Amino acid sequence: NVDVYMGQFKCPAVMSGASPEDSLLMIDRTRMGQLFDAWQPGVAVTGDFGAIHLKLAAQNGADGAGDELGIVARAEFQVGEGAKHREGAYGARDFDANIGIGYFEDSSEAAGVEFGSAVILDAYATLNAFSFQGEVLDMDEEFSAKMVGNTSMDEATPYAATFGFMFVPDRWEAALRYQDLDNDLNTTILGGGVN
């Protein structure tokens, strides 16, 4: 039930960042998923204990080959068969979900300031033709300055919610996504599409 792997892998902080490119519901990842859509060398330990999946990863930090590391600790709880590691309701039957909570920290420094940290909560759920994806990050001042452009050095709590409906079973799916970056510009992003 425990695996160790090392090499190049994606930062496993949020599900939307780690979903394979051919398993996305919309053409882009959520903004939070884009923040962690990076391949870096490192080592990770994962464990599966019934419906609980645990991850602990250490990867090269923002300073590249420098001394500091990016650390992720994450726990996921699976309901039913889980979200099948994809966005949307493709292949879904009945009610299935994945609920995750995690912590990210990168102690790399730029101009004497650490890269920052965040606490993450995300969930994927499907019920027959319906799908839901939600995520929220609680970023410290340093991380919010680098990731959402907060020049005021305030903490940020960006979130995203995606709703999907598969109107032709396992073939055509419509989706609507709302994102709030909680930055100094009060940026919100509304997107929709058909897959």
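These figures come from a predicted structure and were not determined experimentally. (Residues numbered from 1 in each chain as written. Predicted model: local features only at pLDDT ≥ 70, side-chain atom pairs only at ≥ 80, totals over all residues. Heavy atoms only, no water.)

**Some remarks on the overall build of the chain**
Phase 1 of the analysis: The helix and strand inventory of the chain stands at three helices and ten strands.
Phase 2 of the analysis: Its helices and strands taken in sequence order, the chain reads β-α-α-β-β-β-β-β-β-α-β-β-β from the N to the C terminus.
Phase 3 of the analysis: The C-alpha atoms of the chain give 17 Å as radius of gyration, which agrees with the globular expectation for 195 residues (16 Å, within 12%).
Phase 4 of the analysis: With the principal axes as the frame, the chain shows a C-alpha extent of 55 × 45 × 20 Å.
Phase 5 of the analysis: Counting only residues that meet the buried cut, the chain has 42% of its 195 residues in that class.
Phase 6 of the analysis: Across the chain, every contact between residues at least 6 apart in sequence was considered, and the portion connecting residues at least 24 apart equals 52%.
Phase 7 of the analysis: On the chain, roughly 9900 Å² of surface is accessible, and the fraction owed to carbon and sulfur atoms is 59%.
Phase 8 of the analysis: Counting 11 positive and 31 negative side-chain charges, the chain places the averaged centre of each group 12 Å from the other. (Helix = DSSP H or I, 4+ residues; strand = E, 2+ residues; numbered from the N terminus. Rg over C-alpha atoms; globule rule 2.2 N^0.38 Å. Buried < 20%, exposed > 50% of the residue type's maximum accessible area, 1.4 Å probe, protein only. Contact = heavy atoms within 4.5 Å. Areas by Shrake-Rupley, 256 points an atom, 1.4 Å probe, with all protein chains shown as cover. Lys, Arg positive; Asp, Glu negative; His and termini not counted. Charge placed at Lys NZ, Arg CZ, Asp CG, Glu CD.)

**Some thoughts on the nonpolar core**
Phase 1 of the analysis: Counting 22 residues, the largest nonpolar core has A13, F36, F104, L137, M139 and F143 as the members making the most contacts within it.
Phase 2 of the analysis: For this core, the secondary structure elements donating two or more residues are α2 (31-35), β6 (113-127), β7 (130-139) and α3 (141-147).
Phase 3 of the analysis: Looking at this core element by element, the count peaks at three residues for β6.
Phase 4 of the analysis: Beyond its immediate sequence surroundings of up to four residues, F36 is in contact with C11, A13, V14, F104, L137 and F143. (Core = buried A, V, L, I, M, F, W, Y, C linked by side-chain atoms within 4.5 Å.)

**Observations regarding the pattern of salt bridges**
When their charged atoms lie close together, side chains carrying opposite charge are able to pair.
Phase 1 of the analysis: One pass over the full model with this rule turns up nine salt bridges.
Phase 2 of the analysis: When the shortest N-O distance is used, the salt bridge between E76 and R74 registers 2.9 Å. For the pair E76 and R74, one class covers both residues: buried.
Phase 3 of the analysis: Several salt bridges converge on common partners, so that one network encompasses K10, E21, R29 and D37. (Salt bridge = Lys/Arg side-chain N within 4 Å of Asp/Glu carboxyl O.)

**Looking at the environment of M147**
Phase 1 of the analysis: Tracing the chain through its elements places M147 in helix α3.
Phase 2 of the analysis: Taking the relative accessible area as the measure of exposure, M147 reaches 15% and is therefore buried.
Phase 3 of the analysis: C-alpha of M147 to C-alpha of G193: the two residues are 46 residues apart in sequence and 25 Å apart in space.

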